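Summary of the model geometry
Read off the chains here:
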Amino acid sequence: MDSDFGKEAIQLDLFSHVRNTYSQAGEEAISNDSLYAVVAEKLGRPELLKIKTPVGSSGEMHNLIKRKIRWFQQTLKQLGVIERVQGERGVWRLAEPVGKDLHKAADGVRLVAFSTDLGVAFWGHCKDIFASVSEPIALCITSPPYPLRNARAYGNPAESEYIDFICSALEPIIKNLIPGASVVLNLSSDIFLSKSPARSLYVERLVLSLHDRLGLFLMDRIPWVNKSKPPGPTYWACVNRVQLTTAYEPIFWFTNDPLKVRSDNRRVLEPHSDRQQRLMAAGGAKRSATYGDGAYKIRPDSFGRVTEGKIARNVLERGHACSDTKAYREYALNHNLPIHGAMFPTSIPEFFIQFLTEPNELVVDCFGGTIKTGLAAERLGRRWMSTELIIQYLRGAAGLFQKFNGFEMHPALRSIG
Ligand SMILES: C[S@@+](CC[C@H](N)C(=O)[O-])C[C@H]1O[C@@H](n2cnc3c(N)ncnc32)[C@H](O)[C@@H]1O
């Protein structure tokens, strides 16, 4: 056997060649003999298939590269990436390919894709993974797939199934929430009735169901204003001209116990305006005035109390521009990975994590995408756990975590991209 066989480099090559052979074949089944031939060809070493080596105490002769290929094939099977073709021995094909080159975890797959000292990103279905978690959770912040008519590459649930989909994803998380913990959902208002410019009421139905079915209380609806959103809804605003272009997405904040809610607006104070700074320096207003039929009064010392900062208003203005999104894109492009189509900027989870949790508490995101929630939590010293269905997004996200303490990545991920 060649002396470099068994070294890390060739092993990882082998893993990715095995995986790519299945992904290039798509739905087509591949026999083991074709797999050996294609992989050896990809390695540029077809002669390896002819070499036999004595193995074990019996000294039985085996081809080591075929054994290695079968081992990687079994690993991919366990991860749910490939499945056996029914009724055919030794013939496998890619399981559940979604869109071009995206690999969805099969039911039951639970793989630690990567982890740091503070958190872990799992590959798998969120409800499978969170069903086996028993850690107390302080915050779940997530941006679920929206019930879009034109689905994203990763797939979207239909509007008719949406409430069940979200409730079943959140149920195993809600059972572990500590009293006063929060659930924050970033949704879309841009879902329209069929062939109509009227908006769907799915958001309203979801809010009622989260209360009625899962016992959550609505704390607030916080518009995330993003004026850099591309103009849309295209048909109703840009072509038909009956709607305005959308500049916000609604963010819903719930808690399981409003009287014990753990939010603290002092953790998200904003800088005072120059005008307020001047008022505080001058000891307050110098005039008297009355507004709103006497409901608001300005007295000579009003606004003079010196405070650490301004209480944040319940509207978040955040553009899409985000240095983490930029870094993720660059990393994904360099590693030949598909780019996620619906990321939020890290500043969104960052705000809610600060507002709603204390350092070291556990923050989770069941629809993790590029693991921006994990990233914000990691920087803010919170523990985190995220789940994501598509392995390539996790591979791209891993690039953003390499510098954090205790970073480790599963070898199966290393072979992707
Ligand atoms: C809107 S994206 C989230 C993007 C994320 N906030 C970010 O900034 O990257 C929704 C994600 O949920 C994932 N997803 C959908 N169904 C899932 C499930 N059952 N379990 C885990 N992830 C799922 C999709 O693959 C997609 O990446």
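Residues numbered from 1 in each chain as written. Predicted model: local features only at pLDDT ≥ 70, side-chain atom pairs only at ≥ 80, totals over all residues. Heavy atoms only, no water.

Structural notes on the domain arrangement of the chain
What counts here: Each domain span listed reflects an automatic or database assignment of domains.
Annotation of the chain at the domain level lists domain 1 (8-95), domain 2 (102-268 + 318-414) and domain 3 (271-310). Centre-to-centre, using C-alpha coordinates, domain 2 lies 39 Å away from domain 3.

Notes on the site of the ligand
Let me state the cut-off plainly: When at least one non-hydrogen atom of a residue lies within 4 Å of a molecule or strand, that residue is treated as near it. Within 3.5 Å is the distance limit for a polar contact, defined as a pair of N or O atoms, with the added protein rule that one can donate a hydrogen and the other accept it, and that residues adjacent in sequence qualify only through two side-chain atoms. Computed with the Shrake-Rupley method and a 1.4 Å probe, the accessible areas treat only the protein chains shown as cover for residues.
Around the ligand, the surrounding shell holds 21 residues, and the nearest of these are Cys126, His340, Phe344, Thr370 and Glu388. A distance of 2.7 Å separates an oxygen atom of the ligand from a polar side-chain atom of His340. With respect to the ligand, the backbone of Leu389 contributes an N or O atom lying 3.3 Å from a nitrogen atom. Summarising the interface, the protein chains cover 96% of the accessible area of the ligand, which totals 610 Å² for the free molecule.

Quick notes on the pairing of strand S9 (residues 119-123)
Definition in use: A 1.4 Å probe rolled over the protein chains alone gives each residue an accessible area, and that area as a share of the maximum for its type sets the label: buried under 20%, exposed over 50%, partly exposed in between. Starting at the N terminus, helices and strands are each numbered in turn, a helix being any DSSP run of H or I of at least four residues and a strand any DSSP run of E of at least two. For two strands to be treated as a pair, DSSP must find at least two bridges joining them.
Of all five residues that make up S9, five are buried, and the element is covered over most of its length. Residues Gly119, Ala121 and Trp123 line one face of S9 and the alternating positions Val120 and Phe122 line the opposite face, and both faces are buried. Bridging between strand S8 (residues 111-115) and S9 involves four bridges; their strand directions are antiparallel. Across the sheet, the residue bridging to Val112 is Phe122, located in S9. What sits between the antiparallel neighbours S8 and S9 is a turn of three residues. Across five bridges, the pairing between S9 and strand S18 (residues 383-388) is parallel. By the bridge assignment, Gly119 is partnered in S18 with Trp384.

Some words on the pattern of salt bridges
What counts, and what does not: Salt bridge, as applied in this entry: a Lys or Arg side-chain nitrogen positioned within 4 Å of an Asp or Glu carboxyl oxygen.
Taken as a whole and assessed by the stated rule, the structure comprises eleven salt bridges. In this structure, Glu249 and Lys229 form a salt bridge, with 2.9 Å as the shortest nitrogen-oxygen distance. In this pair, Glu249 is assigned in strand S13 (residues 248-255) and Lys229 in the loop between strand S12 (217-225) and helix H7 (234-239), connecting sequence segments 20 residues apart. With its nearest N and O atoms 2.8 Å apart, the salt bridge here joins Asp324 to Arg379. With Asp324 in helix H9 (residues 323-334) and Arg379 in helix H11 (residues 372-379), the pair connects residues that are 55 residues apart, well separated along the chain. Judged by relative accessible area, Asp324 falls into the buried class, the value being 10%.

Section: the packing of aromatic side chains
Heads up, the condition is: Between rings of Phe, Tyr and Trp, where Trp is taken as its six-membered ring, a pair exists when centres lie within 6.5 Å; planes separated by under 30 degrees are stacked, by over 60 edge-to-face, and by other angles tilted.
This structure, assessed with the given rule, holds 13 aromatic pairs. Ring centres of Tyr162 and Tyr202 lie 5.3 Å apart, and the angle between their planes is 85 degrees; this geometry places the pair in the edge-to-face category. One end of the pair, Tyr162, is in helix H5 (residues 162-174); the other, Tyr202, is in helix H6 (residues 202-212), with 40 residues separating them in the sequence. The exposure class of Tyr162 is buried, given its relative accessible area of 0%. Judged by its relative accessible area of 3%, Tyr202 falls in the buried class. Consider the rings of Phe252 and Phe254, whose centres lie 6.4 Å apart with planes at 25 degrees: the pair is stacked.

Topic: the environment of Lys52
Here is the rule we go by: In this description, contact between two residues means that some pair of their heavy atoms is separated by no more than 4.5 Å.
Residue position: Lys52 is located in the loop between helix H2 (32-42) and strand S2 (53-55). Separated by eleven residues in sequence, Lys52 and Asn63 have C-alpha atoms that sit 4.5 Å apart. Once residues lying within four places of it in the same chain are set aside, the contact partners of Lys52 are Met61, His62 and Asn63.

Considerations on the nonpolar core
For clarity, the threshold we go by: We call a set of buried Ala, Val, Leu, Ile, Met, Phe, Trp, Tyr and Cys residues a nonpolar core when their side-chain atoms join them within 4.5 Å.
Formed by 50 residues in total, the largest nonpolar core has its most connected members in Phe114, Val184, Phe352, Ile371, Leu394, Phe401 and Leu413. For this core, the leading source of residues is helix H10 (residues 347-356), giving six residues. Core analysis: the second largest hydrophobic core is formed by 39 residues, Ile129, Ile137, Ile163 and Val364 among them.

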